[in-house]
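# Chain and residue survey
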Amino acid sequence: MQKYILIIGACGQIGTELTFALREKYGKDNVVASDIREGTDNLMQSGPFEILDATDYDALEELIAYYEISEVYLMAAMLSATAEKFPMRAWNLNMNSLFNVLNLGKEKKIDKIFWPSSIAVFGPNTPKENTPQNTIMEPSTVYGISKQSGERWCEYYFNKYDVDVRSIRYPGLISWKTMPGGGTTDYAVEIYHKALSEGSYACFLKKDTALPMMFMDDAIKATIQLMEADDDAVKIRSSYNLAGMSFTPKEMAESVKKQLPSFQISYAPDFRQAIADSWPSSIDDVEAQQDWNWKAEFNLERTTQVMLENLKG
Ligand code: AKB
């Protein structure tokens, strides 16, 4: 049977690439993109698009009925750095949008949901290296608290109402098609843009702050793999740890320098340093490997090569 997919937050960093990938796989007219505002020309011309406020339940319900949607990818969220500035707005967006799709799942108006969690669910008391799936989770950021609560609710709706919801704790994501916005890991994308446009970059994190990261192609592959996994293979209904690579700003700068020898980096840590300090530096994703055969392909060298090649144009 033909399935129709809705992506909410399709114009963001993950949403854009997910929309292209799902349209390629399932056909452009079977994947409806939506966001609070229009996206790039490429995205807008690639298939059906609707303006949608993810916190508006009635509008969402109407759209789902109109397009006979069975699967929803909820990618709209306020990320860590912006959420610290607007705590209540972040909480409202991140939680109400999630409740909207979970409740549509409970009402059996949709069959399957993808919802992104984050390494931000961990906090300063979590073991930092190779952070396991199940460990101390005391997030100290607004964004982390919303993701941690979201994970609890996902698991609750699965257990209590049989809602097929699947989730990944994304690390920082590196991509060239769309800029990230409002995150603490955004430096790992900005650095490439500035290296090419100005030959230098002032990093807002300290040089030795290691964080878990992933190239976008790996993140998209993982997302689709998890959504296509058999029901009984998906044993974790809160959210899966997912690892790609782990590096510091200094190591990233060195990898840029290999391709652009005159590149210069300086460090001017701001409020985002405290957020980064509360997160793990590397992740253990053995459950994703075992349950649905996850394996990352991109390391830092390959990421730098692909990023610079594509951004050079
Ligand atoms: C952020 O930095 O807020 C995000 C994340 C790690 O979830 N990229």
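Residues numbered from 1 in each chain as written. Predicted model: local features only at pLDDT ≥ 70, side-chain atom pairs only at ≥ 80, totals over all residues. Heavy atoms only, no water.

Let's shift gears to the pairing of strand S1 (residues 5-8). Here S1 shows no split at all, with Ile5 and Ile7 on one side and Leu6 and Ile8 on the other all buried. As paired strands, S1 and strand S2 (residues 31-35) are joined by 4 bridges and run parallel to one another. Within the sheet, the bridge partner assigned to Ile7 lies in S2 and is Ala33. Regarding the hand of the β-α-β motif, the stretch spanning S1, helix H1 (residues 13-26) and S2 is right-handed. Across 4 bridges, the pairing between S1 and strand S4 (residues 71-74) is parallel. When the bridges of S4 are listed, Ile5 appears paired with Glu71. (Buried < 20%, exposed > 50% of the residue type's maximum accessible area, 1.4 Å probe, protein only. Helix = DSSP H or I, 4+ residues; strand = E, 2+ residues; numbered from the N terminus. Pairing = 2+ DSSP bridges. Right-handed = clockwise from strand over helix to strand, strands pointing away.)

Taken domain by domain, the chain holds domain 1 (5-170 + 216-241) and domain 2 (173-212 + 244-312). Measuring from the centre of the C-alpha atoms in domain 1 to the corresponding centre in domain 2 gives 23 Å. At the junction of the two partners, domain 1 supplies 42 residues and domain 2 supplies 37 residues. Together, the buried faces of domain 1 and domain 2 total about 3300 Å²; carbon and sulfur atoms form 58% of this surface. Across the contact surface, domain 1 and domain 2 share 1 salt bridge. Ionic pairing is found between Glu297 and Lys221, a salt bridge with its closest N-O pair at 3.0 Å. At the junction of domain 1 with domain 2, the criterion picks out 23 residue pairs in polar contact (both at pLDDT 80 or more). Contributing elements (two or more residues each) for the side of domain 1 that touches domain 2: H1, helix H4 (80-85), strand S6 (164-170), helix H8 (216-228) and strand S10 (240-241). Looking at the side of domain 1 that touches domain 2 element by element, the count peaks at 8 residues for H8. Residue composition of the side of domain 1 that touches domain 2, by class: 20 nonpolar, 13 polar and 9 charged. (Domains from an automatic or database assignment. Contact = heavy atoms within 4.5 Å. Buried area = accessible area lost by both parts, 1.4 Å probe. Salt bridge = Lys/Arg side-chain N within 4 Å of Asp/Glu carboxyl O. Polar contact = N/O pair within 3.5 Å; in protein donor to acceptor, adjacent residues only side chain to side chain. Nonpolar A, V, L, I, M, F, W, Y, C, P; charged D, E, K, R; others polar.)

Moving on: helix H12 (residues 300-312). Between its terminal C-alpha atoms H12 stretches 18 Å, which fits the 18 Å expected from 13 residues at 1.5 Å a residue. Those residues of H12 that sit buried are Leu300, Thr303, Thr304, Val306, Met307 and Leu308. Where the residues of H12 are buried, they touch strand S7 (172-174), helix H7 (187-197), strand S9 (211-215), strand S11 (245-247) and helix H9 (249-259). Here H12 starts with a cap whose side-chain oxygen sits 3.3 Å from the backbone nitrogen of Glu301, and that cap is Asn299. Just past H12, the residue Gly313 takes up positive phi, approximately 80 degrees. (Expected span 1.5 Å × (residues − 1).)

To continue, consider the pattern of salt bridges. This structure, assessed with the given rule, holds 14 salt bridges. Two residues, Glu228 and Lys25, come together in a salt bridge whose shortest N-O distance is 3.5 Å. Of the two residues, Glu228 is situated in helix H8 and Lys25 in helix H1; the sequence distance between them amounts to 203 residues. By relative accessible area, Lys25 is classed as partly exposed at 43%. We note a salt bridge from Asp164 to Arg237, for which the minimum N-O separation is 2.6 Å. Residue Asp164 is located in strand S6, and its partner Arg237 is located in the loop between H8 and S10; the two are separated by 73 residues in the primary sequence. Assessed through its relative accessible area of 12%, Asp164 is described here as buried. A relative accessible area of 6% places Arg237 in the buried class. Each of the salt bridges in this network shares a partner with another, and the network as a whole consists of Asp164, Arg166, Asp231 and Arg237.

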